[in-house]
Amino acid sequence: MPIEILMPALSPTMEEGNVSKWLKNEGDRIVAGDVIAEIETDKATMEVEAVDEGTLAKILVAAGTEGVKVNTPIAVLAVDGEDVDKAGEGIGEEPPAKPAAAPEAPKAEAEKPAAAPVAAAPKTEVAADPDIPAGTEMVSTTVREALRDAMAEEMRRDESVFVMGEEVAEYQGAYKITQGLLQEFGPRRVVDTPITEHGFAGVGVGAAMAGLKPIVEFMTFNFAMQAIDQIINSAAKTLYMSGGQMGAPIVFRGPNGAASRVAAQHSQDYAAWYSHIPGLKVVQPYTAADAKGLLKAAIRDPNPVIFLENEILYGHSFDVPKLDDFVLPIGKARIHKKGKDVTIVSWSIGMTYAVKAEAELAGMGIDAEIIDLRTIRPMDLDTIIASVKKTNRLVVVEEGFPQSSVGDFIANQVSQRAFDFLDAPVITIAGKDVPMPYAANLEKLALPNVAEVVAAVKAVTYR
Amino acid sequence: MATAAKKTSAKSKADAKGPGGPVAPKPADFTKEQELAAYRDMLLIRRFEEKAGQLYGMGFIGGFCHLYIGQEAVVTGMKMALIEGDQMITAYRDHGHMLAMEMSPRGVMAELTGRRGGYSKGKGGSMHMFSKEKNFYGGHGIVGAQVSLGTGLAFANRYRGNKNVSLTYFGDGAANQGQVYESFNMASLWKLPVIYIIENNRYAMGTSVTRSSAETDFSHRGASFKIPGIQVDGMDVRAVKSASDLATEWCRSGNGPIILEMQTYRYRGHSMSDPAKYRTKEEVQKMRSDHDPIEQVKARVLDKKWASEDDLKAIDKEVRDIVADSAEFAQTDPEPDVSELWTDIVL
């Protein structure tokens with residue numbers, strides 16, 4: 001039997017990749033360990049080694065093909081004695097049989113044909129954004145590309161903007177967010193640092209105090225705990241301590257929160273931590289358009305901005321308006337979907353649960369309003385309160401730990417400012433009060449899920 | 001304690017401490033003008049700090065207050081080699097640094113008393129003061145944090161391609177902080193124009209260097225990062241000046257960072273609330289009588305007949321008037337308006 005060589009999963013969050021180059025040709029003899037191809041993942045370009053011996057009978061996916069799902073056959077290996085010419089027959093001529101199962105695919109049960117058809121399509125629907133002029137051409141863009149475009153545009157616009165961090169330059173970014181920046185801007189403005197978060201965060205703040213506009217990338221915000229003294233004591237407080245004379249116009253950005261199976265030390269959501277601090281702004285986008293528009297705003301902002309990204313969202317595609325200079329306001333929530341029965345407030349990856357829950361709830365006749373908070377500090381409480389005054393019910397969804405969470409603060413503010421409008425207690429959904437476990441089943445339990453959101457909405461609507 | 005006292009009197013060692021590093025220079029020969037300027041500037045710091053100590057005792061200054069008395073030669077000698085645009089940053093024993101950067105004594109003293117005319121409108125206090133105009137970047141209360149920040153100032157100089165140098169001060173205590181070495185590594189790797197000035201006053205709060213540091217020769221602390229270092233008699237303003245000439249030139253020529261270990265001594269406790277029982281009165285007295293930076297200049301000036309006792313008294317009078325004026329201002333200037341509670345948080 002010929003052996004199918006499948007598209008490998010080469011990172012915890014990889015769902016698809018690009019076949020960038022074949023290093024062996026059809027007919028080549030291959031021994032185990034030979035590098036046969038280069039695959040571009042969501043993070044890096046990886047070499048694929050053969051695990052079996054034989055002859056490369058047929059290449060099924062040509063070099064340069066993008067978006068090849070994990071586990072798709074990409075080549076056929078004829079084992080010794082087989083007819084190389086026939087080995088590839090019948091394989092790969094139909095469309096790839098099964099794309100990798102999307103996690104948390106909404107259950108499209110037959111009994112609910114009326115339910116809004118939220119397909120497992122990678123494209124994510126976003127309600128019209130009042131910040132985007134009507135009629136603007138939209139371009140499907142991943143969050144990853146949007147972030148890079150934002151940095152590149154701001155670096156072109158302002159010579160004092162530079163990016164520094166671990167692997168941002170020659171490696172092209174640990175998560176490829178800075179891909180291509182070194183080539184365009186050179187090593188003076190795209191600076192690889194040693195693995196010294198405390199030190200380079202301080203160097204960044206010092207450079208900002210001297211008037212430059214650094215973008216400091218943390219490989220993940222989990223590592224920024226090493227640097228949190230510089231972020232809080234130096235960056236956030238200097239403007240106040242200097243009586244307004246000097247502050248730190250700096251962006252700290254990087255992936256935050258759980259990715260996939262990276263366990264307790266690499267899976268924490270820091271939204272509540274940073275949102276506690278006067279002097280900081282904290283942004284946590286969900287869509288690619290928000291990622292772009294808000295990162296550009298963050299880079300221009302004269303204050304220190306904590307820009308919390310999400311590794312799982314990096315590969316998600318959204319429509320991004322094609323505008324010369326698309327900058328969104330920090331501190332303004334976006335009504336993602338209008339509704340009248342209940343308000344669901346979320347942000348970042350929490351929105352994926354909210355959006356899927358909303359589709360299920362629609363099938364039950366519950367019309368939910370979804371608010372994408374986008375900025376955690378300063379918080380757009382007015383938009384939340386206005387919505388609660390309309391729906392009289394509130395559910396908050398986040399991935400962080402439950403105690404002293406962002407949702408706790410929202411619930412508190414709503415109870416103080418809109419108590420008489422509430423028809424049910426506010427329910428805050430958060431990650432479980434446990435360090436993130438490694439085992440797949442436990443990790444899933446530790447995170448919020450769509451069913452919890454649906455159940456919470458049913459509870460506050462007494463359904 | 002006898003050995004410790006002996007160690008402080010160590011003169012600059014004329015040996016290179018880094019690979020290919022510069023050799024410690026001889027103390028500069030000062031002109032009459034330089035001697036008198038150094039005398040006046042050091043005396044201003046001394047009298048200012050004495051007054052701050054008084055105001056603290058009277059309750060006008062609150063919180064923590066760390067006096068610089070005894071260490072005046074360090075900032076005074078260092079600043080003599082600066083050019084326009086050079087930056088300075090230090091920790092919380094910062095009053096002397098600010099006066100050396102020609103910040104107004106009124107503004108500094110009013111900040112100590114928490115008044116609206118203070119450099120930070122009364123919102124920073126003794127440990128947190130800045131002057132963008134005078135290139136003084138603080139005034140930092142977290143031991144060692146200013147080392148990374150000062151390295152960042154040097155990063156900005158290199159980014160802009162100017163000839164400026166960042167003077168980054170820290171103490172023997174901070175020299176054991178991890179981020180100091182993270183910063184050393186980056187500064188050397190990227191050839192940043194930063195002078196790391198380690199003010200070794202021999203006590204990290206109450207812990208002597210021999211009890212806190214495995215390597216007490218702080219000029220060696222950059223060895224793993226190829227940063228040369230020089231030990232300097234930080235009680236002799238001429239030695240500091242020549243070290244400053246050498247170090248600023250070293251940085252401006254693109255050689256990267258350099259370490260100057262200033263062997264100095266603080267006469268007062270760590271802060272106003274420190275009884276300093278970890279050392280003897282005799283040790284302090286010996287430093288004052290044998291190594292006082294101001295008395296050294298005075299003796300030379302009188303010896304060379306560059307000034308008379310009366311001339312020096314006139315300088316003292318001028319300095320006392322400045323300090324009295326700053327103290328008067330700091331006691332009568334109003335507290336910040338209550339609206340200031342909510343300003344300068346974000347722009």
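Residues numbered from 1 in each chain as written. Chains lettered and ligands numbered in written order. Predicted model: local features only at pLDDT ≥ 70, side-chain atom pairs only at ≥ 80, totals over all residues. Heavy atoms only, no water.

The name given to chain B in an unreviewed UniProt entry is Pyruvate dehydrogenase E1 component subunit alpha, with the source organism recorded as Neomesorhizobium albiziae. What the UniProt record of chain B gives under Catalytic activity (unreviewed entry) is the line "N(6)-[(R)-lipoyl]-L-lysyl-[protein] + pyruvate + H(+) = N(6)-[(R)-S(8)-acetyldihydrolipoyl]-L-lysyl-[protein] + CO2". Taken directly from UniProt, the Cofactor (unreviewed entry) text for chain B runs: "thiamine diphosphate". (UniProt positions renumbered as here; feature names shortened; annotations may be inferred.)

Per an unreviewed UniProt entry, chain A goes by the name Pyruvate dehydrogenase E1 component subunit beta and belongs to Neomesorhizobium albiziae. Turning to chain A, the UniProt annotation filed under Catalytic activity (unreviewed entry) states: "N(6)-[(R)-lipoyl]-L-lysyl-[protein] + pyruvate + H(+) = N(6)-[(R)-S(8)-acetyldihydrolipoyl]-L-lysyl-[protein] + CO2". Under the Subunit (unreviewed entry) heading, UniProt states for chain A: "Heterodimer of an alpha and a beta chain."

Once that is clear, we can look at the overall build of chain B. Regarding its fold elements, chain B presents twelve helices and seven strands. Overall size of chain B, expressed as C-alpha extent along the three principal axes, is 55 × 55 × 40 Å. Here chain B holds 347 residues, and 60% of them are scored as buried. As displayed, chain B offers around 13500 Å² of accessible surface, 53% of which is attributable to carbon and sulfur atoms. Of note, chain B has its 45 positive side-chain charges centred 4 Å away from the centre of its 44 negative side-chain charges. (Helix = DSSP H or I, 4+ residues; strand = E, 2+ residues; numbered from the N terminus. Buried < 20%, exposed > 50% of the residue type's maximum accessible area, 1.4 Å probe, protein only. Areas by Shrake-Rupley, 256 points an atom, 1.4 Å probe, with all protein chains shown as cover. Lys, Arg positive; Asp, Glu negative; His and termini not counted. Charge placed at Lys NZ, Arg CZ, Asp CG, Glu CD.)

Tallying the contact residues gives 43 residues for chain A and 36 residues for chain B. Overall, the association of chain A and chain B removes approximately 3300 Å² of surface from exposure, summing both partners, and the carbon and sulfur fraction of that is 66%. The largest per-residue losses of area from chain A upon contact with chain B belong to Tyr240, Met241 and Gln245 of chain A, which jointly make up 21% of the total buried on that side. Summed over the shared surface of chain A and chain B, the result is 18 residue pairs in polar contact (both at pLDDT 80 or more). When contributions to the side of chain A that touches chain B are tallied by element, the ones reaching two or more residues are β10 (161-165), β11 (190-192), α4 (197-209), α5 (228-236) and α6 (238-241) of chain A. In terms of residue count, α4 of chain A provides more of the side of chain A that touches chain B than any other element does, ten residues in total. (Contact = heavy atoms within 4.5 Å. Buried area = accessible area lost by both parts, 1.4 Å probe. Polar contact = N/O pair within 3.5 Å; in protein donor to acceptor, adjacent residues only side chain to side chain.)

Mapped onto the elements, Lys123 of chain B comes out in the loop between α5 (105-112) and α6 (145-160). Not counting chain neighbours up to four residues away, the residues in contact with Lys123 of chain B comprise Tyr240, Met241 and Gly243 of chain A together with Glu111, Glu340, Thr343 and Asp344 of chain B.

Another point: the UniProt feature "domain: Dehydrogenase E1 component" (unreviewed entry) in chain B. The feature "domain: Dehydrogenase E1 component" (unreviewed entry), as annotated in UniProt, sits at residues 41-338 of chain B in this numbering. This span, residues 41-338 of chain B, is 45% helix and 10% strand, and a straight line between its end C-alpha atoms measures 36 Å.

On to the pattern of salt bridges. Applying the stated criterion across every chain, the model contains 48 salt bridges over all chains. Lys79 of chain B serves as the salt-bridge partner of Asp41 of chain B, at 2.9 Å between the closest nitrogen and oxygen. Separated by 38 residues along the polypeptide, Asp41 of chain B in helix α2 (residues 32-57) and Lys79 of chain B in helix α3 (residues 72-79) bring together distant segments of the chain. A residue is classified by how much of its surface remains accessible, and Asp41 of chain B, at 16% relative accessible area, is buried. The exposure class of Lys79 of chain B is buried, given its relative accessible area of 18%. Two residues, Glu50 of chain B and Arg47 of chain B, come together in a salt bridge whose shortest N-O distance is 3.0 Å. With Glu50 of chain B and Arg47 of chain B both in helix α2 and three residues apart, this pair spans about one turn of that helix. Residue Arg47 of chain B is classed as buried on the basis of its relative accessible area, which comes to 17%. A network of salt bridges, in which partner residues are shared, links Glu153, Glu154, Arg157, Lys292, Lys296, Arg300 and Asp325 of chain A. (Salt bridge = Lys/Arg side-chain N within 4 Å of Asp/Glu carboxyl O.)

Residues and elements named next belong to chain B. The contact between α2 and α5 brings their axes to 11 Å, and the two run at 25°. It follows from the interaxial angle that α2 and α5 lie roughly parallel. Crossing of α2 over α5 shows right-handed handedness. Seen from α2, the contacting residues are Phe48, Lys51, Ala52 and Leu55; seen from α5, they are Pro105, Val108, Met109 and Leu112. Looking at the contact of α2 with α5 residue by residue, the classes come out as seven nonpolar, no polar and one charged. (Axes fitted to C-alpha atoms, helices over the stretch in contact; angles between N-to-C directions. Parallel < 35°, antiparallel > 145°, perpendicular 65-115°, else oblique. Left-handed = near helix turned anticlockwise from the far one by under 90°. Nonpolar A, V, L, I, M, F, W, Y, C, P; charged D, E, K, R; others polar.)

Okay, the domain arrangement of chain A next. Residue and element names in this part refer to chain A. Taken domain by domain, chain A comprises domain 1 (3-84), domain 2 (138-321) and domain 3 (334-461). One C-alpha centre belongs to domain 2, the other to domain 3; they are set 26 Å apart. Counting residues at the interface gives 29 residues for domain 2, matched by 28 residues for domain 3. Interface area for domain 2 against domain 3, summed over the two sides, is near 2200 Å², with a carbon-plus-sulfur share of 57%. Counting across the interface, domain 2 meets domain 3 through two salt bridges. Of the charged contacts in the structure, one is a salt bridge between Asp290 and Arg374, with a shortest N-O distance of 2.9 Å. Taken together, the connections running from domain 2 to domain 3 amount to 14 residue pairs in polar contact (both at pLDDT 80 or more). (Domains from an automatic or database assignment.)

Our next topic: the packing of aromatic side chains. Residue and element names in this part refer to chain A. On inspection of all chains with the given rule, the structure shows 19 aromatic pairs over all chains. Measuring from ring centre to ring centre gives 5.8 Å for Phe221 and Tyr274, while their planes differ by 70°; the resulting arrangement is edge-to-face. Here Phe221 is found in the loop between β12 (213-217) and α5, whereas its partner Tyr274 is found in helix α7 (residues 271-275), with 53 residues between them in sequence. When sorted by exposure, Phe221 lands in the same class as Tyr274, which is buried. Centroid distance Tyr286 to Phe318: 5.1 Å. Interplanar angle 80°. Geometry classified as edge-to-face. Remark: Phe318 occurs in strand β16 (residues 317-321) and Tyr286 occurs in the loop between β14 (281-283) and α8 (288-300); sequence separation between them is 32 residues. As far as burial versus exposure is concerned, Tyr286 and Phe318 are alike and both buried. Here the aromatic cluster, defined as three or more aromatic residues joined through ring pairs, consists of Phe200, Phe218, Phe221, Phe252, Tyr270, Trp273 and Tyr274. (Phe/Tyr/Trp six-rings, centres within 6.5 Å; stacked < 30°, edge-to-face > 60°.)

With that settled, consider the pairing of strand β7 (residues 258-263) of chain B. All names here are of chain B. Across the six residues that make up β7, a large majority, six, are buried. Side chains of β7 alternate between two faces, with Ile258, Leu260 and Met262 and Ile259, Glu261 and Gln263 buried alike. Strand direction decides the pairing type here: strand β3 (residues 194-200) and β7, joined by six bridges, are parallel. Bridge pairing in β7 links Ile195 to Ile258. (Pairing = 2+ DSSP bridges.)

Turning next to unusual backbone geometry. Glycine aside, residues mostly have negative phi angles, and peptide bonds mostly take the trans form. Of note, the bond from Arg377 of chain A into Pro378 of chain A is cis; its omega dihedral lies within 30 degrees of zero at 0°. Tracing the backbone shows Pro378 of chain A in the loop between β20 (375-377) and α10 (381-391). That bond from Gly138 of chain B to Gly139 of chain B is cis: its omega, 25°, falls within 30 degrees of zero. Positioned with a positive phi, Arg374 of chain A is a non-glycine residue whose angle comes to about 65°. Arg374 of chain A sits in the buried class, given a relative accessible area of 0%. Phi is positive for Asn135 of chain B, close to 60°, though the residue is something other than glycine. Position of Asn135 of chain B relative to the elements: it lies in the loop between α5 and α6. Exposure remark for Asn135 of chain B: the relative accessible area of 14% places this residue in the buried category.

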